[in-house]
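# Structural features, examined
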Amino acid sequence: MRKILLVFMSMCLFASEDANNYDIVPRAINFVIFIAIAYYLGANFIKHLYSSRISKIKDKLESIQNELEKSSAKKNEVMRLVNVAHEEANALIQDAKEQALVLHEQIIANAHKDIEILKNRYNEQKEFLIKSAKEEVVNEIIEDILNKEINLKQSEILDIITKKVG
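Analysis parameters
Residues numbered from 1 in each chain as written. Predicted model: local features only at pLDDT ≥ 70, side-chain atom pairs only at ≥ 80, totals over all residues. Heavy atoms only, no water. Helix = DSSP H or I, 4+ residues; strand = E, 2+ residues; numbered from the N terminus. Buried < 20%, exposed > 50% of the residue type's maximum accessible area, 1.4 Å probe, protein only. Areas by Shrake-Rupley, 256 points an atom, 1.4 Å probe, with all protein chains shown as cover. Salt bridge = Lys/Arg side-chain N within 4 Å of Asp/Glu carboxyl O. Patch = residues over 30% accessible without salt bridge, like charges linked within 9 Å, V, L, I, M, F, W, Y side chains within 5 Å. Lys, Arg positive; Asp, Glu negative; His and termini not counted. Charge placed at Lys NZ, Arg CZ, Asp CG, Glu CD. pLDDT = per-residue confidence, 0-100.

Moving on, we get to the overall build of the protein. Broken down by element type, the protein carries 3 helices and 0 strands. For the protein, the α and β elements follow one another from N to C terminus as α-α-α. Per-residue burial for the protein yields a buried fraction of 5% across its 166 residues. Surface exposure of the protein reaches about 15,400 Å², of which carbon and sulfur atoms provide 61%.

The structure is reproduced here in structure tokens:
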């Protein structure tokens with residue numbers, strides 16, 4: 001405030017009229033006084049605007065930094081989850097391969113058992129059919145012998161039957 005009063009008083013001193021009528025000095029002093037008054041009246045307002053703008057920019061920068069950190073943390077979490085999922089997928093694939101191998105071996109073993117069962121049934125059926133065929137041959141021979149009324153001994157009948165069946 002004292003500076004302004006000093007400037008104002010100096011302006012009064014230089015405001016006297018001169019013979020040459022140069023008014024550059026009083027105009028300069030008036031300009032300095034105008035700037036001082038404008039500074040005095042608007043300095044706080046301009047400082048307030050400037051500091052509020054700085055704080056807004058600072059807040060915006062901090063919020064962007066926070067969002068960047070959050071997104072970075074989310075990215076890291078997602079990457080971790082992707083890695084975990086990838087490892088689980090590999091483990092599942094490995095388990096599936098092992099199960100497929102076990103099932104393949106079981107199917108092969110069951111197929112061999114089924115083949116053995118089929119062979120045994122075939123052999124049993126073959127033996128059954130051979131017996132049936134022998135019985136039919138024996139029955140035919142016996143019927144032939146009985147129908148022809150040939151007198152043969154039991155040993156001769158057995159020899160004929162064994163020759164026919166054999």
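Applying the stated criterion across every chain yields a total of 2 salt bridges. When the shortest N-O distance is used, the salt bridge between Asp23 and Arg27 registers 2.9 Å.

On to a nonpolar patch on the surface, then. A cluster of nonpolar side chains, contributed by Phe31, Val32, Phe34 and Ile35, occupies part of the molecular surface with about 420 Å² of accessible area. Among the secondary structure elements, Phe31 is positioned in helix H2 (residues 24-148). Overall, Phe31 belongs to the exposed group, its relative accessible area being 52%.

Okay, a negative patch on the surface next. On the surface, a cluster of negative charge is made up of Glu135, Glu136, Glu140, Glu143 and Asp144. Position of Glu143 among the secondary structure elements: in helix H2. Relative accessible area serves as the criterion here: at 48%, Glu143 is assigned to the partly exposed category.

Per-residue pLDDT for the protein has a mean of 85; in total, 80% of the residues score no lower than 70. The secondary structure element of the protein with the lowest average pLDDT is helix H1 (residues 2-14), at 62, and the one with the highest is H2, at 91.

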